[in-house]
Amino acid sequence: RVFELLATGDFGDMQLVAGQPPERIPASRVLLAAASAPLARQLRHSGHAGELELPGLSAVAVRAAVAFSCGVRRPFVGLSPADAWAAASLLRNGLGPTADARLDDEDEGPPSPWQSGWRAVLVLVGCLALLAAAVASYWPVKGFNMQVGGMFMDDVMIQRNAVVTNHDMDWKRLWRTDYWGLEMFDPNTWTHKSFRPLVVLTFRWNYWYHGFNSAGFHITNVAMHAGASAQLGFFAYTVLRLPALWSALLAALFAAHPVHSESICYVVGRADIICTQVLMLAIQVYGPCASAAGCGALQGWLRLTLTVILILVAGLCKETGFTFFGLLVGWEALCLTRVRFSGQGGTISRCLRMVVVLVVGAAACAARLWYTQGTQIARMDPYSNPIAASDDSYVRILSYSLVHGLYMKLLVWPWFLCYDYSMDAVPLVRTLQDVRLLCPVAGYLALFQTICLVVLRLRSYSSRSSRMLAEGSAIGIGFFILSFLPMTNILFPIGTLVAERLLYMPSIGMLVIVVCVTYFETRKRLWMQASAWAFLFGVLVFWWTLCYQRVSDWRSVEQITLVDGLKQLRSTRTQFNLANIYLQGQRLDEALVAYQRANSLDPEERDSMPLYHAGQILMYQGQYAEAERHLQKAWRPFRISRTPSSPTQRSRRATTI
């Protein structure tokens, strides 16, 4: 090959100029052309220039490429990953406009369906069909009716909220009451401090359009959930650079995840859905600013302003929205690490945007805390969150760790689902020897290993498209951490121990990580990619089946109470509600067993209602001595402490005999 090139007479010695400050590196045109066909074509067209400038390449990388052309053994040893990639790219793709065009073509990502002909349109139709099939797991909600089937627990507060049901809209009341319609600034009124006025407005619109005697509330939740799933798929395709089929699979997995059934069927779970929709829109708006190509200064600031407004709106839908100022900061910091293919022109703008987001985000969080007078819930209910009510900090740390593990297990294996995990569904962890701690350890290790893998891929990418795919996994990690952090009880105690609806946003981060990493690791081998896609599709089918069954369980208050009461035997609330259902049906023996089971789960017997109703049944059955003992216990705590209850407690009802 060298002799053939010499015979043409078009090649001679030259100097390559690279690095900062510029350094001249002697090289042979013939050897470079023999080592790389793209370089041969480009050097032939460059004429007989004695010097050739290589902007953007380090002298170390160019010297390694020259050494390779000279036949030096292992010329890339000792180079940093960035320099090794640059040298290999120079030999593989050449230099100048041709190479840049080729690199840009490679990194453009998936083509637009409207520019790729009928085949891409068929793919688009297939993707939409896959998403629609996933959303079809919620088909049973068309037969739901809040008035006929009953309003379950916190859903009762929608009916009692004057902002929702009054004929005239009271805007002042909207801004001074919490999510449950309770006064936030009245010292004599218990408040949950969940300030979500925009979601309450949607309840009012639902009520005035079709009332409670319909499936309207649930159908609206399903439509919003379908929209959020479509937004996730579009985000994966346009920002994360996943192919269309993988983006559709990601959206379908999110749509059919069984743990979301509570967010849709439990109407108050709408807060998570709307917050997610607004956040996805904010990320989509900000995406061009964080892309490899970047955007102009004016466009960048306009997009930042709109994104900040959308995040503030998300925070008024649910408090978790305010944490996503951190995602913008992390995303911009991630962009600053693109040393191989991004210039330094936008560095100052990125840093300024980071500072602005930090300042605005901190101010928004401070304003939210000031307006609601903090986040601490007065008189924490020991039944809703027994860990927060514990006085032992060591026990609280271990027990909260177990809760984190349970949440991660629900994301991966949503087999056991229940509307309540209160006392004593998750017994306190009092020692490190508790084998249940293996669950959070596994979750923490999995998250840590995923972070390490993503960091490795961010440092060792071979092209711009590989870098963008690796960044997609990093964005998923950020999304998961920021949405999971508020529910960990680390920053502040929350009013519930475990709630499946809280996993709505963290599930996006988890699924983005899984799909991006899977595609990244299998994309170079077709059989591996097809096998991975088929496996995830099998997971989708499994989840779809579980989701459909779980949605059917929510068709009425009686159905969900019976199903969960019979499988969650260690929750005082599920057993009390189950006993109430039995009592309404005059199934006294079964009701008595359920009431007594609820009593036994709390050794201190702090709740008087199970004791009171058990005493009523015993009196009706003629067991007067036992009935007297139960009624005396019921009267004693009631007489000593009459603490205000949460909306969940107040909604528990029983029919007296």
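Up top is the structure these notes are about.
Notes on the structure follow.

Next up on the list: the pairing of strand 2 (residues 23–28). Relative to strand 2, strand 1 (residues 13–18) runs antiparallel, the two being bridged by six bridges. Bridge pairing in strand 2 links A18 to E23.

So, on to the pattern of salt bridges. Inspection of the entire model under this criterion finds 18 salt bridges. E183 serves as the salt-bridge partner of R173, at 3.2 Å between the closest nitrogen and oxygen. Here R173, found in helix 11 (residues 171–176), pairs with E183, found in the loop between helix 11 and helix 12 (197–210); they are 10 residues apart in sequence, far enough to count as distant. Both residues of the pair, R173 and E183, count as buried. Among the ionic pairs, R436 bridges to D434, the shortest N-O distance being 2.7 Å. Classification of R436 as partly exposed rests on a relative accessible area of 28%. Three or more residues joined by partner-sharing salt bridges are found here, namely R550, D553, D564 and K567.

Relative to each other, helix 21 (residues 438–459) and helix 23 (residues 504–522) sit at 45°, their axes nearing to 12 Å. Here helix 21 lies oblique to helix 23, going by the angle between them. The two elements helix 21 and helix 23 meet at a crossing, and its hand is left-handed. Between helix 21 and helix 23, the residues in contact are T450, L453 and R457 and I513, V517, F520 and E521, respectively. Considered class by class, the residues forming the contact of helix 21 with helix 23 number four nonpolar, one polar and two charged.

Next up on the list: the packing of aromatic side chains. Counting across every chain of the model gives 23 aromatic pairs. With centroids separated by 6.0 Å and ring planes inclined at 85°, the aromatic side chains of Y407 and F484 adopt a geometry described as edge-to-face. Residue Y407 is found in helix 20 (residues 393–412), and its partner F484 is found in helix 22 (residues 464–484); the two are separated by 77 residues along the sequence. Given the relative accessible area of 0%, Y407 is considered buried. Here W415 and F542 contribute two aromatic rings whose centre-to-centre distance is 6.3 Å and whose plane-to-plane angle is 10°, an arrangement assigned as stacked. With W415 in the loop between helix 20 and helix 21 and F542 in helix 24 (residues 526–553), this pair connects stretches of sequence that are 127 residues apart. An aromatic cluster of at least three residues, connected via ring pairs, comprises Y179, W180, F203, Y207, W208, F212 and F217. The ring of Y179 has R196 lying over it, and the distance from NZ or CZ to the ring centre is 4.8 Å. R523 extends its terminal NZ or CZ atom over the ring of F520, reaching a point 4.4 Å from the ring centre.

Before going further, it helps to examine the sheet that holds strand 2. With respect to topology, three strands assemble into an open sheet ordered 2-1-3, the strand pairing being mixed. Each end of this open sheet is capped by a strand with a single partner; those strands are strand 2 and strand 3 (51–53). Each strand axis lies, on average, 30° off the axis of its neighbour in the sheet, ignoring direction. Relative to the sheet, helix 4 (residues 59–69) contacts strand 1 and strand 2, its axis offset from that of strand 2 by approximately 10°.

As a further point, take the nonpolar core. If you look at the biggest cluster of nonpolar residues, it comprises 141 residues, and the most contacted ones within it are F235, L242 and W331. If you tally residues by element for this core, the top one is helix 16 (residues 270–290), at 13 residues. Within the second largest apolar cluster, 20 residues are counted, among which are L32, L54, A61 and W85.

A few words on unusual backbone geometry. The omega torsion across M423 and D424 is 5°, close enough to zero to call that bond cis. Mapped onto the fold, D424 is located in the loop between helix 20 and helix 21. Phi at R241 is positive, roughly 65°, even though this residue is not glycine. With respect to the helices and strands, the residue R241 is situated in the loop between helix 13 (216–238) and helix 14 (244–256). Residue class for R241 comes out partly exposed when judged on its relative accessible area of 28%.

Take a nonpolar patch on the surface next. A contiguous nonpolar surface patch, about 350 Å² in accessible area, is contributed by W301, I348, L352 and V356. No other element matches helix 19 (residues 347–371), which puts three residues into the nonpolar patch. Within the element layout of this structure, W301 appears in helix 17 (residues 297–315). Residue class for W301 comes out partly exposed when judged on its relative accessible area of 30%.

So, about the packing of helix 12 against helix 13. One way to put it is that helix 12 packs onto helix 13 with a least axis distance of 10 Å and a crossing angle of 130°. Between helix 12 and helix 13, the angle falls in the class oblique. Of the two elements, helix 12 crosses helix 13, and the hand of that crossing is right-handed. Contacts from F203, N206, Y207 and H210 in helix 12 reach G216, F217 and T220 in helix 13. Looking at the contact of helix 12 with helix 13 residue by residue, the classes come out as three nonpolar, four polar and no charged.

It is worth spelling out the side chain of S473 at this point. By the element assignment, S473 lies in helix 22. Overall, S473 belongs to the buried group, its relative accessible area being 4%. Aside from chain neighbours lying at most four places away, what touches S473 is V454, I513, C516 and V517.

Attention shifts here to the environment of V403. Examined against the element boundaries, V403 turns out to sit in helix 20. Assessed through its relative accessible area of 1%, V403 is described here as buried. Sequence separation between V403 and L497 is 94 residues; the distance between their C-alpha atoms is 7.6 Å. Every residue in contact with V403, bar those within four places of it in the chain, is listed here: I387, L497 and V498.

Conventions and cut-offs
Residues numbered from 1 in each chain as written. Predicted model: local features only at pLDDT ≥ 70, side-chain atom pairs only at ≥ 80, totals over all residues. Heavy atoms only, no water. Pairing = 2+ DSSP bridges. Helix = DSSP H or I, 4+ residues; strand = E, 2+ residues; numbered from the N terminus. Salt bridge = Lys/Arg side-chain N within 4 Å of Asp/Glu carboxyl O. Buried < 20%, exposed > 50% of the residue type's maximum accessible area, 1.4 Å probe, protein only. Axes fitted to C-alpha atoms, helices over the stretch in contact; angles between N-to-C directions. Parallel < 35°, antiparallel > 145°, perpendicular 65-115°, else oblique. Left-handed = near helix turned anticlockwise from the far one by under 90°. Contact = heavy atoms within 4.5 Å. Nonpolar A, V, L, I, M, F, W, Y, C, P; charged D, E, K, R; others polar. Phe/Tyr/Trp six-rings, centres within 6.5 Å; stacked < 30°, edge-to-face > 60°. Lys NZ or Arg CZ within 6 Å of the ring centre and 35° of its normal. Core = buried A, V, L, I, M, F, W, Y, C linked by side-chain atoms within 4.5 Å. Patch = residues over 30% accessible without salt bridge, like charges linked within 9 Å, V, L, I, M, F, W, Y side chains within 5 Å. Areas by Shrake-Rupley, 256 points an atom, 1.4 Å probe, with all protein chains shown as cover.

Geometric descriptors of this kind do not, in isolation, establish any biological role.
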